[in-house]
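So the chains spell out like this:
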Amino acid sequence: MKIKKALKKYIWLLVGLVILVGFWFSLPAPLFNAPTCFVVKASNGHLLSAAIAADGQWRFPIADTVPHKFAKCITSFEDKRFYQHFGVDFWALARAIKINIKNQKTKSGASTLSMQVIRLSRNKPRTIWQKTIEMVLAFRLELSYSKPQILALYASNAPFGSNVVGLEAAAWRYYGRQASTLSWAEMATLAVLPNAPSLIHLGKNRVALLKKRNALLDKLSTQNTIDKSTCQLAKLEAIPQSPLALPQNAPHLLDRFKQDFSTLKADKTLLISTINETLQHNVASIIKRYHQQYKANGINNAAALVLDIETGNTLAYIGNIYEPQNPEMESHVDMIKAVRSPGSTLKPLLYASMLTDGMLLPNTLIADIPTQIGGYTPQNYDLGYDGAIPAAKALSRSLNIPAVKMLQQYKYERFYQQLKKLGITSLNNPADFYGLSIILGGCETSMWQLSGVYASMARTLNHYPKHPQQYNFNDYHQPQYISQKNQNEQLSTSSVLDYGSIYYTFAAMQEVMRPGEELLWEQFSSSQKIAWKTGTSFGFRDGWAIGLTSKYLVCVWVGNADGEGRPELTGIKTAAPMLFDIFNLLPASAPFVIPYRNMAKVLVCKKSGYRASMCAGAEDVYMPKNALKSALCPYHQLIHVNKTKTYRVNSACATTDNMLHINWFVLPPAMAYYYKIRHPDYEALPPLSPTCTDEQDAYRPLELIYPKNNAKIYIPTEINGNKGKVIFSAAHRNTQSKIYWWLDDVYISTTFNLHELALNPSIGKHSITLEDDRGNKLMQVFEVLRK
């Protein structure tokens, strides 16, 4: 008997334990699985953009808190003992049973807010049995959730009429602003909606809705939640007429967040971004204003990105114009992510890379003459030539031929790898696919990647005072639109670009001539120095402008999303004006610090920009530390002239007593030909004295400008159907010399002063021979292609 009783006792204990365990695990986790809207907010928490949930409902992610006014309104209206009960209000339950029995039908409910949360999460038919289950689960809910959390669950999932679910969505749909800013009248209106959303809403039964709202306001006044004057004024407020469209102030960032969501490991479809709300609005206004002008020329798209240098945070993200009502504008395409030809915007990266490796100094002279490299013939935008130009000036003027010459020296394969190290990850083809054209935009990258590279360079330079002899590896990273903690420093004694090279690159970019009204910027004390660069892709398809100060980076792109080119679509004419208007919105920044402790003093030739050797004029200048590896000046040479400096002489035609020994600045003939046009003060190398007849000129007086040796050329057919001609061009140090021309050893003509000939050689290989009146000869070969 005792054993039976004990067994019975244990069975009951086991049953009780099972019931207890079942009760504890009866609450689903999570409570709500319905899809929610993707929502993007600015850094201040204000809504920028939102997209409707997958099930067609405007349902924002569950909020962490509920506005004070809504908490007061909803508890007064739905559950006045909410803070006293444990999920079930037995006083209300008894009252409801009494009323319903008396009326022989359901006239009053007794659902607490906790029970309504359970009902909303389960979405089951409203029967007595389901009501009982709701009571049990409401009690269980109270054991795991605090009262504010339960209020937040209710406010986020209650129906507010039509396809609006949740307080925050309702506040935006009905009042066009966030819930925390609503008045007592507005909050009371929303508080009464979930009670009967299908019967009382904005579209119908407005009188009944107004009556319920005013009754709630009276109740709040009676409870001393609001005073009588507030109550009376609140009653005068009208209820909204119809739902409003949600703001779309960052639609492309919203789309990006949706696409990136699976990789972000976020627990909500809510993004608190790094966007500065005011700046976002103002930049969008600038883009819209310029777009009104540009679309008359068939330029339909524009984008702008603003970054904080120190963090890499995105402050403004305008992925495109926003005209969804005009599908032909293709405004849905996010041009910040889109991969496009960068035009000339990569030139500063080559300049900085060569400075870092000691392959040139900031003002090293670079050849700017007609150039043909294996069938590739780069041209400057203005179709002119400088002969020789300092590297920094070639960069600030964005000359193509010097850039190609520099890349030819640096090697495009090496530059390709350098771009990848810097953060250009969109180069999906091998280096040979791009070749030398990579420096002129013959590759692909995005605004996002390019901005990340320049911001990383500026960030690195800004950190020089912190560790002058070391670099933080983590300074190089892509931009971000979600605020993240700074990574720990990974210090190294070397970097992909050194401090001095970055500084000199930005200094050269600060010298780029500004467009329009910005041309006279230096005359205004309020103006700030901006390192900037434009780019224009082949066929006028893309106009770029990217600029930075020590604090901010701005990148602007203009063009057509479908790649259609348009006349006048250049970076300087379309993107640059927007760039400076955007910079005018930003606070002034301190200048970049000169990294003296990471530089070396180098004796530099003033005329050539090379390390001085026999230069007549040289100065000690702080240079990137690898400048000591750079080449000595090849253009200053010791020559021997007669005492009047009119002729060069040698031991064969003059005694040492009748010679002067001078360090002379000597450029090759082709470079000298174009250089002296822009530099009238250039002193040409004196000709060899006529008395030195037994010796050829050692200073190569002849040079064929076009075509180069081993060139392959194509001669097009003229518009009239006749075969065209090609202009052969040569240069001679002595402007008074004659040049005799032979094609395939057949004499053709003689030129004087202007050494150019229009020839029509046949298809195939040929030789061209030039000889001056002193017997100096030059012979080269070329090939005319059939097509």
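Residues numbered from 1 in each chain as written. Predicted model: local features only at pLDDT ≥ 70, side-chain atom pairs only at ≥ 80, totals over all residues. Heavy atoms only, no water.

A. Summary view of unusual backbone geometry. Here the amide bond leading from Tyr-706 into Pro-707 is cis, since omega sits at -5 degrees, within 30 degrees of zero. You can see Pro-707 is positioned in the loop between β19 (702–706) and β20 (711–714). Non-glycine residue Asn-224 carries a positive phi angle of around 65 degrees. Here Asn-224 shows up in the loop between α9 (206–222) and α10 (228–235). A positive phi angle, near 55 degrees, is found at Ser-398, a position not held by glycine. Among the structural elements, Ser-398 can be located in the loop between α14 (391–396) and α15 (400–410). (Helix = DSSP H or I, 4+ residues; strand = E, 2+ residues; numbered from the N terminus.)

B. Highlighting the state of the cysteines. The final tally for this structure, using the stated rule, is one disulfide. There is a disulfide in this structure between Cys-653 and Cys-692, and the S-S distance comes to 1.6 Å. Judged by the sign of its S-S torsion, about 50 degrees, the bond between Cys-653 and Cys-692 is right-handed. Taken together, the residues Cys-653 in the loop between β17 (636–641) and β18 (660–665) and Cys-692 in the loop between α21 (669–678) and β19 connect sequence positions 39 residues apart. Owing to a relative accessible area of 21%, Cys-653 belongs among the partly exposed residues under this scheme. Among the residues examined, Cys-692 registers a relative accessible area of 0% and is labelled buried. Of all cysteine sulfurs in the structure, the one in Cys-73 sits closest to Cys-231, which takes part in no disulfide; the separation is 11 Å. We note that Cys-555 lacks a disulfide partner, and the nearest cysteine sulfur, in Cys-443, lies 14 Å from it. (Disulfide = S-S within 2.5 Å. Buried < 20%, exposed > 50% of the residue type's maximum accessible area, 1.4 Å probe, protein only.)

C. Looking closely at the environment of Gln-780. Its place among the elements puts Gln-780 in strand β26 (residues 777–785). Here the alpha-carbon distance between Gln-780 and Pro-243, two residues 537 residues apart in the chain, equals 79 Å. Not counting residues within four places of it along the chain, the set of residues in contact with Gln-780 comprises Leu-704, Pro-707, Lys-708, Asn-709, His-766, Ser-767 and Ile-768. Among the polar contacts made by the side chain of Gln-780, one reaches the main-chain carbonyl oxygen of Pro-707 at a distance of 3.5 Å. (Contact = heavy atoms within 4.5 Å. Polar contact = N/O pair within 3.5 Å; in protein donor to acceptor, adjacent residues only side chain to side chain.)

D. Region of the structure containing the confidence of the model for the protein chain. On average, residues of the protein chain score 89 in pLDDT, and 94% of them reach the 70 mark or higher. In this model, residues 520–526 is a region of pLDDT below 50 whose contacts with residues beyond four sequence positions or in other chains number five contacts. (pLDDT = per-residue confidence, 0-100.)

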